[in-house]
Amino acid sequence: MSKREEYLKTIAREQAKPIPYFFKLCKVVQDKFEAKYGHTNYEDFYDIPLREVFLGPTKLSIESRFAKYLSPEQLQGDITEWGIELVKSSVDHFSTMIGPLRNAADLQDIENLPLPDFLEEYRWEGVREQIQTLKEQEKITFTGIYGGHDTGGSANVVPAFMDIFESAWYLRGLDNMLMDFYLNEEFAVKLLDKVTELKVQLAKKWTRAGIDIIVTADDVGTQKGLMMSPDIYRKLIKPRLKKVIDAAKSVNEDVLIFYHSDGNIEEIIPDLIEVGVQILNPIQPE
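In this text, all values refer to a predicted model and were calculated from it rather than measured experimentally.

The rules we used
Residues numbered from 1 in each chain as written. Predicted model: local features only at pLDDT ≥ 70, side-chain atom pairs only at ≥ 80, totals over all residues. Heavy atoms only, no water. Core = buried A, V, L, I, M, F, W, Y, C linked by side-chain atoms within 4.5 Å. Buried < 20%, exposed > 50% of the residue type's maximum accessible area, 1.4 Å probe, protein only. Helix = DSSP H or I, 4+ residues; strand = E, 2+ residues; numbered from the N terminus. Contact = heavy atoms within 4.5 Å. pLDDT = per-residue confidence, 0-100. 1 Å grid on protein atoms, 1.4 Å probe; cavity = no way out; pocket = protein on both sides within 12 Å on 5 of 7 lines; lining within 4 Å. Points joined across faces, edges and corners; volume = space filled by probe spheres on them. Nonpolar A, V, L, I, M, F, W, Y, C, P; charged D, E, K, R; others polar.

A.B. asks: Hey, could you run me through the nonpolar core in this one?
C.D. replies: Generally speaking, nonpolar side chains in soluble globular proteins are found buried as a group. Ranked by size, the top nonpolar core spans 62 residues in total, and within it Phe-165, Met-177, Phe-181, Trp-206, Val-220 and Tyr-233 carry the most contacts. Counting only elements with at least two residues in this core, the list comes to helix H6 (127-136), helix H7 (165-172), helix H8 (174-183), helix H9 (185-208), helix H10 (230-251), strand S7 (256-260) and helix H11 (269-275). When residues in this core are grouped by element, the largest group, ten residues, is from H9. Residues in contact with Tyr-233, not counting those within four places in the same chain, are Val-220, Met-228, Lys-238, Pro-239, Leu-241, Tyr-259, Ile-268 and Leu-272. Residues Ile-11, Ile-213, Leu-256 and Ile-279 belong to the second largest nonpolar core, which totals eleven residues.

A.B. asks: Just checking my understanding: could you explain the confidence of the model for the protein for this structure?
C.D. replies: When pLDDT is low, close inspection of the predicted coordinates is not appropriate. Here the protein averages 90 in pLDDT, and 92% of its residues register 70 or above. Scored below 50 in pLDDT, residues 147-158 makes 30 contacts in the model with residues more than four places away or belonging to other chains.

A.B. asks: Can you walk me through the layout of surface pockets in this structure?
C.D. replies: Empty space among the atoms becomes apparent when a probe as large as a water molecule is rolled across them. Quantified by volume, the second largest pocket comes out at close to 250 Å³. Taken together, twelve residues form the lining of the second largest pocket, with Gly-263, Asn-264, Ile-265, Glu-266 and Gln-284 sitting closest to its centre. The class makeup of the residues in the lining of the second largest pocket is five nonpolar, five polar and two charged.

A.B. asks: Would you mind showing me how to read the side chain of Asp-117 here?
C.D. replies: Tracing the chain through its elements places Asp-117 in the loop between helix H5 (107-112) and H6. Given the relative accessible area of 11%, Asp-117 is considered buried. Beyond its immediate sequence surroundings of up to four residues, Asp-117 is in contact with Thr-58, Leu-60, Glu-81, Tyr-122 and Arg-123.

Right, here's the structure in full:
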């Protein structure tokens, strides 16, 4: 049995080892690693079995697409493909996010918002081949989290994985989004649906390309519990997550579903299992 097959059997809970592992170094830590070991590829250095695959860079002019949302004279940081300005903080790789819908007043503002062109075929050139090459090298492939071809692995783009809540609040602002859940549900539903539809199509394309693991990542937890009530999660987030997972499984029922959230999300673990999540990251012992 190959190493790749052994890892897949472990993920499927058919055996207890070897343990598949993955970690991502932020730029600050990566620089320290390179200085200490004189090696530029920590993934190969540590023989990490799980490997990210990214889409190619966009050809669109980001600044011109979002000029009316973020005026050039006010810009302080980089703009992502979603029109979100990232203003770097003094703490490592962290940024303040300024979303294009932060001041949105009605549903038409959501309707008019341009979305990333993740579904365009030119973004997928070489992706299938990259996945196949990694598989031949006995690696497990999964949808890239942060960074990619055009960012040198930094967090300067909001990624093309299947998050729903995070994509929505990045656009709207976290405070606004949480208030919308309770005070402006129609607006919240419209925005969540717009994000979800893109993620549904994206999940299908990744699965058709042969990816092993679809990553969906929504930080819905704090250290003490959920950011919203379980009822709100089950009403607004859960069915849309299921829609994305069902889309991937409709193409290949064997594709694995990986869910990431920081914080204490113990209350919704049964919900995640119910909608088809097979891998939970992380498990915070504290």
